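Each chain is listed here by its residues.
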Amino acid sequence: MKILDRYILTSYLKTFFSVFVILMFIFVLQTIWLYIGELAGKDLDLEVIFKFLLYFSPKLVPLVLPLTILLTSIMTFGSFAENYEFAAMKSAGISLQRAMRSLTFFILFVSVTAFLFANNVIPAAEYKSINLRKNIAQLKPAMVISEGVFNDLGQINIKVDEKSGENGQYLENVIIHKKNERRPGNYTVIKATEGELVGGTGTNILSLILKDGNYYDEIMSNSPKDRIKKPFAKSYFKEYTINMDLSGFNDVDLDEERYSNSHNMLKISELNQTIDSFSTSYNEEIERLSTNMYNRTGLENLRKEIRPEDSIANLEEGILPLYETYRASQILNLALGSVTQAKTVLNAKQSELNQAAKRLNKFEIALHEKYVLAFACVILFFVGAPLGAIIRKGGMGLPMVIAILMFLTYHFIGIFAKNSAEEGQISPFLGTWLSTLVMLPLGIILTYRATTDQGLFSFSILFEPFKKLLKKAHIMGRSEKD
C-alpha cells in the first residue's frame, strides 16, 4: 500500500470508529429510555441488564452504520479539501477517484461484513432479545398490564382504561374475564370503576381490590329454550378482592427461549422457505374462496339443466314476470339471502386475507432489508465523500448538520415506503429499496461534480434553458430582418 493510500485510510478509520462509538452510545441510551419501564423495579442484576442491552444493540447497526459512513465521509474529505490537501493531490496528477480507491475497498469490505452481520448476528440477537424481554415481563405482572387491551394474568384476563400511581397500581374502569378450568370461555365477567393492586414483600400473593362494581355470571341451563335467553346472575359489590398466586410468574428462567415466530429472527434461507410456504398457503386460500363463491352461484347446475329448446326468445323484462307474484317474491328473497351470505363471507375473508398478506409482506421486507444494508453502505459513501470534497469543510459543525439532514431524508423515505409496503400499497421490493434508489442518482451526480471541480449547485443551470431560448429567438429575429 502506498503512503498516500495509507494516510487516507488511516485518517478515515480514526474518524469512522470514533463516530460509530459515539452514535452507538447515543442510540443505546435511546433504547434504555424506551424500555426503562420494563427494566425498572424488577430487582434485575447488572448481568441481566447487560444482556438486555447486548441483545438489543445489533438491531441498532442498520441505523448507526449508514449514518456513520455518511458522516465520516463528509468529515474526512471535507477536512482534506479545507486543508488544501486535495489541491496538492490534483497538482500531483492524483484525481478524486484515485484518492478514494483505498477507501472504496474498505467500504466494500464493510458492506460484505454488514450483509453477513444482518443475516446471522441480528436474527440471533432478535431471538435472544424477544425471549429475554418476555421473560422479564413475567417478573412483575403489574408491569404487564397495558392500558386499553386485555392482558392475560394467569387465572384472569384484565383490561383497564387508565393506570396511575407511582408503580401503576391504581386502575380505572376495570373489566375482568375470570377463567374456569371446567368451563372454557368468558362466562364470568367482573366490571368495576376502580381497582388497586396490593402486594407485599416476601409473599407470592398479589391482591386486586375492586371497588364499586358488578359481578356477572352466566347460568348454564339444560333447556334449549332457556339457553337461547342467555340467563345470568348479577350482583353489586362495594369492594371485591381477587388474590392471585404469583409463584408461577416470579419463578422465571430468564435464559429460557420459547418464542421463535418473528420475521426478524430468520436468516435468508429460512425467510425464503417461510415466504414460499406463506405464498402457497395464501394462493390456496384465495383459490378455495373463489371456488366456494362460484359454487354458491349455482351456475354449474344451471348450465346442466338448461337445454336450447327450453330457451325463451324475449326476456327484455327479465324472468320474474314469467312467475306468479308469490313465486317471484320467493325467488327475490332467495337471491337476496344468497347475496347477503356471500357478502358476509367475503367481508370475513377480506380481513383474514389482508392479515395474511400483511404478514407475508413483512417477511419479504425482512428478506430485502439484509441486502439493502450492504448496498446502502456503498451508496452513502459515494454521496458523502464527494459532498465533503465540494463543501470543503471538516470537523463536527457543518458536516454534521448536512449528514443528519441527508440521513433523516434517507431514513424517513425508508420508513414511509416500508409502512406502505406492509399495507400492500406498494411492492415489498420497492418499499425496501426506495430510499437507497433515491440516493443512487444523488451519489452519481455529486461524484461527477466533485471530479469536474464544480460546486454543489450551480444557479446557471436554471437559467441555461432561458438563455438558449433567447439566443434562438435573437437569431430568428436577425434572419427575418435579413
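Everything below is about the structure shown above.
Heads up: these notes are all about the structure in this document. (Residues numbered from 1 in each chain as written. Predicted model: local features only at pLDDT ≥ 70, side-chain atom pairs only at ≥ 80, totals over all residues. Heavy atoms only, no water.)

## Quick look at the overall build of the protein
The condition is simple: A helix here means a DSSP run of H or I that spans at least four residues, while a strand means a run of E at least two residues long, and both kinds are numbered starting from the N terminus. We call a residue buried when its accessible area falls under 20% of the maximum for its residue type, exposed when it is over 50%, and partly exposed in between, using a 1.4 Å probe and counting protein chains only. Every residue pair with non-hydrogen atoms within 4.5 Å of one another is taken to be in contact. Per-residue and other accessible areas follow the Shrake-Rupley method at a 1.4 Å probe size, with only the shown protein chains counted as cover for residues.
Of regular secondary structure, the protein possesses 16 helices and six strands. Per-residue burial for the protein yields a buried fraction of 35% across its 482 residues. Intrachain contacts of the protein at a sequence separation of at least 6 include 70% that bridge at least 24 residues. As displayed, the protein offers around 29,800 Å² of accessible surface, 59% of which is attributable to carbon and sulfur atoms.

## Looking at the packing of helix α4 (residues 61-82) against helix α14 (residues 398-422)
Stated formally: Axis definition: a line fit to C-alpha positions, over the contact stretch in the case of helices; interaxial angles, taken between N-to-C directions, run 0 to 180 degrees. Left-handed describes a crossing whose near helix is turned anticlockwise from the far helix through less than a right angle; right-handed describes the clockwise counterpart.
Between α4 and α14, whose axes approach to 9 Å, the crossing angle comes to 145 degrees. Judged by the twist between their axes, the crossing of α4 over α14 is right-handed. Contact with α4, carried on its side by L63, P66, L67, L70, L71, I74 and M75, involves P399, M400, I402, A403, M406, F407 and H411 of α14 and no other residues of that element.

## Structural notes on a nonpolar patch on the surface
Heads up, the rule is: Only residues whose relative accessible area exceeds 30% and that form no salt bridge enter a patch; like-charged residues are grouped when within 9 Å of one another, and nonpolar side chains (Val, Leu, Ile, Met, Phe, Trp, Tyr) when within 5 Å. Whenever Lys or Arg places a side-chain nitrogen within 4 Å of a carboxyl oxygen from Asp or Glu, that contact is recorded as a salt bridge.
On the surface, a nonpolar cluster with roughly 440 Å² of combined accessible area is contributed by I404, L408, F412, I415 and F416. On the secondary structure map, I404 appears in helix α14. In this structure I404 comes out as partly exposed when scored by relative accessible area, which is 35%.

## Comments concerning the environment of N180
If you trace the backbone, N180 turns up in the loop between β3 (170-178) and β4 (188-199). Residue classification places N180 among the partly exposed residues on the basis of a relative accessible area of 40%. C-alpha separation for the pair N180 and Q155, spaced 25 residues apart in sequence, amounts to 7.9 Å.

## What about the packing of aromatic side chains?
Short version of the rule: Aromatic contacts are taken between Phe, Tyr and Trp rings whose centres are within 6.5 Å, Trp giving its six-membered ring; a plane angle under 30 degrees counts as stacked, one over 60 as edge-to-face, and the others as tilted. Any Lys NZ or Arg CZ found within 6 Å of a ring centre and within 35 degrees of that ring's normal is scored as a charge over the ring.
Within this structure, the stated rule accounts for 18 aromatic pairs. With 5.2 Å between their ring centres and 90 degrees between their planes, F278 and F363 make a pair best called edge-to-face. Of this pair, F278 sits in helix α11 (residues 268-297) while F363 sits in helix α13 (residues 325-391); the two residues are 85 residues apart in sequence, bridging distant segments of the chain. Put simply, the rings of Y7, Y12, F16, F17, F20, F77, F80, F106, F381 and F382 pair up and form one aromatic cluster. Geometry around F278 places R359 over its ring, the cationic atom sitting 4.8 Å from the centre.

## What to know about a negative patch on the surface
Inclusion rule: In this tally, Lys and Arg are treated as positive and Asp and Glu as negative; His is ignored, and so are the chain termini. Charged side chains are reduced to one point each, which is NZ for Lys, CZ for Arg, CG for Asp and CD for Glu.
Taken together, the side chains of E147, D161, E162, E172, E194 and D212 make up a negatively charged region of the molecular surface. Relative to the helices and strands, E162 is located in strand β2 (residues 156-164). Here E162 falls in the partly exposed class, since its relative accessible area comes to 41%.

## Quick notes on the pairing of β2
Inclusion rule: Here, strands pair whenever DSSP counts at least two bridges between them.
Strand direction decides the pairing type here: strand β1 (residues 151-152) and β2, joined by two bridges, are antiparallel. Paired with N151 across the bridge in β2 is I158. Of the pairings in the sheet, the one linking β2 to β3 comprises eight bridges and is antiparallel in character. Residue pairing in the sheet places I158 in a bridge with I176 of β3.

Any link to function would need more than the numbers given here.
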